[in-house]
Amino acid sequence: MGKASRKKQEQRARKATSVGVVDGGDPRARGEEALGRLLRSNTPRKVSLAGAYAWGYTALGLAQQEGSDPDWHQETDPLDILFLGTAWPKGFRDELEFANARDAWLRLLRGTVHGKGVQHFIREAVSVSEELGLPVDDVELMLALTGRLEAAGLDQRKLPRRLLPEVALQDCRAIHGPCLDLRLPNPPKDAKKRVRLFWEDEEKPPADDTPRAVLRDGLRRFHDMGLPVEEESGLLLPALYAVLMTKPGELLEDMGKHAWTWAVSLDEASPLVPVLDILLVAPVLEMSVAKTLGRLFAVPAFTEPFPSDALLWTSSPGLALPRMAFELGIPEVSTRDQAITPDLLDWVGMHTRMHLSAAARDSAADLDVEETDRAEGTDSPQKEPAERRKSVREAVRQKIRKASDGTAAGSRRSDCSIERIWNADGSSVIRISTDTPLGQELKQGLESQIDAFREKFGREPAPGDPLFFNLDADEPTRMTKDDFDEILLRMAERAAEMGVDPAFFHAWREVGYVVTEETRSGFTTAEVIAFNRALARHQEACE
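This write-up is about the structure you can find in this document.

Rules of the game
- Throughout, a residue's number is its position along its own chain's written sequence, starting from 1.
- For this predicted model, a pLDDT threshold of at least 70 governs which residues receive local features, and a threshold of 80 or more governs which side-chain atom pairs are given and counted, while totals over whole chains, interfaces and linings are taken from all residues.
- Only hydrogens and water are set aside when side-chain values are computed; all heavy atoms of the structure are taken into account.
- We define the nonpolar core as a collection of buried residues of types Ala, Val, Leu, Ile, Met, Phe, Trp, Tyr and Cys that are connected through side-chain atoms lying within 4.5 Å of one another.
- Partly exposed describes any residue whose relative accessible area lies between the buried limit of under 20% and the exposed limit of over 50%, with all areas from a 1.4 Å probe on protein chains only and scaled to the type maximum.
- Only heavy atoms enter the contact rule, under which two residues are in contact if any of them lie within 4.5 Å.
- Strands here mean DSSP runs of E at least two residues long; helices mean DSSP runs of H or I at least four residues long; both are numbered from the N terminus.
- For every element, the axis is a line fit to its C-alpha atoms; helices are fit only across the contacting stretch, and the angle between N-to-C directions ranges from 0 to 180 degrees.
- Oblique is the label for any angle not under 35 degrees, not over 145, and not in the 65 to 115 range, which are roughly parallel, roughly antiparallel and roughly perpendicular in turn.
- Residues are sorted three ways: Asp, Glu, Lys and Arg are charged, Ala, Val, Leu, Ile, Met, Phe, Trp, Tyr, Cys and Pro are nonpolar, and all the rest, Gly among them, are polar.
- Salt bridge criterion: a side-chain nitrogen from Lys or Arg within 4 Å of a carboxyl oxygen from Asp or Glu.
- Multiply 1.5 Å by the residue count of a helix minus one, and that product is the helix's expected span.
- Note that the arc is defined by the directions from the helix axis to the C-beta atoms.

Okay, the nonpolar core next. Most often, soluble globular proteins have nonpolar side chains that are buried together. Among the nonpolar cores identified, the biggest contains 112 residues, and L215 and W262 are the most heavily contacted of them. The contact partners of W262, leaving out residues within four places of it in the chain, are L237, L240, Y241, L244, M245, L272, L276, A310, L312 and W313. A503, V515, F523 and L535 belong to the second-largest nonpolar core, a separate cluster that totals 11 residues.

Structure representation (structure tokens):
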């Protein structure tokens, strides 16, 4: 059979499968049949992408039956399951190690034929979601997807052993951190002067979006909390992370682990990695704070703007598929929690991180015992460095826990008229003070919305009714993102009449939120940086 004929046959098979799903076929039955075939034709460590998905799906089911499935299994989506299948029967210590390993593996596949296969897999997953009207992480959909993978050609090539996680991720920085024999740059000749000026800098908030400015702000906050920031190099990385990434409701006890996970999650090609590697190895090598800062000043990225890849949390299940889908031009991915669009990636990452941390907190002591037992039974040459890293991270967390506030960003509370109150699981409420002119204005605006609801529907709003609703709908219907985007576009067109820069509304539309002096305390520095960069881009475009 020639290439053209084979391609046409595959297209016909794919179309037939798709029609079967839409026209009332039984996708569950097809999925179960395909699952059996894929398990028979693939064995662990010798799998195609379709076979890996089948083994990952089966592994999740077995863990659920045995009662050994951790909380984070509930957050997985099809791409997570595929990766689980490539690594099976190896497990992962927690969702942080899993997600970092997943992302590192996906980076290795980029540019290969298997990387293109992953892209095809993502398109199939989103397509099935749209056809069945089910979220991409719905259990029924994930089984139905199995029935599509053979027709999509994803069982034709086995993954070579060198690309399986067991081999490809052996010395992976995203899992193990940087090598302890990492060659650190020599400090510049004027390092002592730069370090002295660093401590004398009293600018707040950070005057720019560089690691130097954000680290200085974080150390100031830690100092105000009574932590020995000039003596303990193990506090440098958490201080940077606390200002850049944490929400006010995130607990301090989670921050050491989250800071380490974020720091090793970045692609090794990122210009920020040399900065983070110094912060990671400094406490292990027992470097002083002054010497650590001196070496940081030898890295150009320390005094340059943060790269965009550092501003997103990616180290959780359920985040890779939508991120890669957006890269492929897919505008929206439906999940059980919500429809995710590009502007919501940061929000979803933050919420998942906090939610899973809250769910796992009660069992943290048991997990620590299991990790200790596992470490004592492992004759790995990496054992001692791994234990040292673990002990350093634990020491840092213990120091941070002593702070009186109890949250990683507690010092950011303000007396603004608008304040978002965060809970440790990522949920939040907005508190509006009516004692300020802005608060009074907002109160009047909300009262006007309630009046508009009464006029439109002839009744008082019920607890589940949206306050901002679709004006064209006969029943109270929540505004969609498209509705809100349209409003922002109209406001941008009329911005000059209101005396407002139209770029302000375009930036709001792009990132999904707006940062003002009144609302700044509810955002991370990463969010503020992202908004300001979007604002600058649109201001330049409007000139």
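Following the structure, the description resumes.
Within the secondary structure, D217 sits in helix α11 (residues 211-224). When its relative accessible area of 5% is taken as the criterion, D217 is described as buried. In this structure the C-alpha to C-alpha distance between D217 and L240, which are 23 residues apart in sequence, comes to 8.0 Å.

This brings us to the packing of helix α3 (residues 49-66) against helix α4 (residues 78-87). How two helices sit against one another is set out by the angle between their axes and by the gap between those axes. Contact pair α3 / α4: the axes reach a minimum separation of 6 Å and the direction vectors enclose 95 degrees. Classified by the angle their axes make, α3 and α4 are roughly perpendicular. On α4, the residues that touch L49, A52, Y53, W55, G56, Y57 and L60 of α3 are P78, I81, L82, L84, G85 and T86. Taken together, the residues of the contact of α3 with α4 break down into 10 nonpolar, three polar and no charged.

The next thing to look at is the pattern of salt bridges. Counted by the stated rule, this structure contains 27 salt bridges. Residues D190 and R194 are paired through a salt bridge, measuring 3.2 Å at the closest nitrogen-oxygen approach. Judged by its relative accessible area of 34%, D190 falls in the partly exposed class. Because the salt bridges share partners, they merge into one network encompassing D80, R102, D103 and R323.

For an α-helix the count is 3.6 residues per turn, leaving residues at separations of three or four pointing the same way. Taking 1.5 Å as the rise per residue, helix α21 (residues 481-493) with 13 residues should run 18 Å; its terminal C-alpha atoms sit 18 Å apart, in good agreement. Restricting attention to buried positions, one finds in α21 the residues D485, L488 and A492. One side of α21 carries all its buried residues, which in axial view fall inside an arc of 60 degrees. On its buried face, α21 sits against α22 (495-498) and α23 (502-511).

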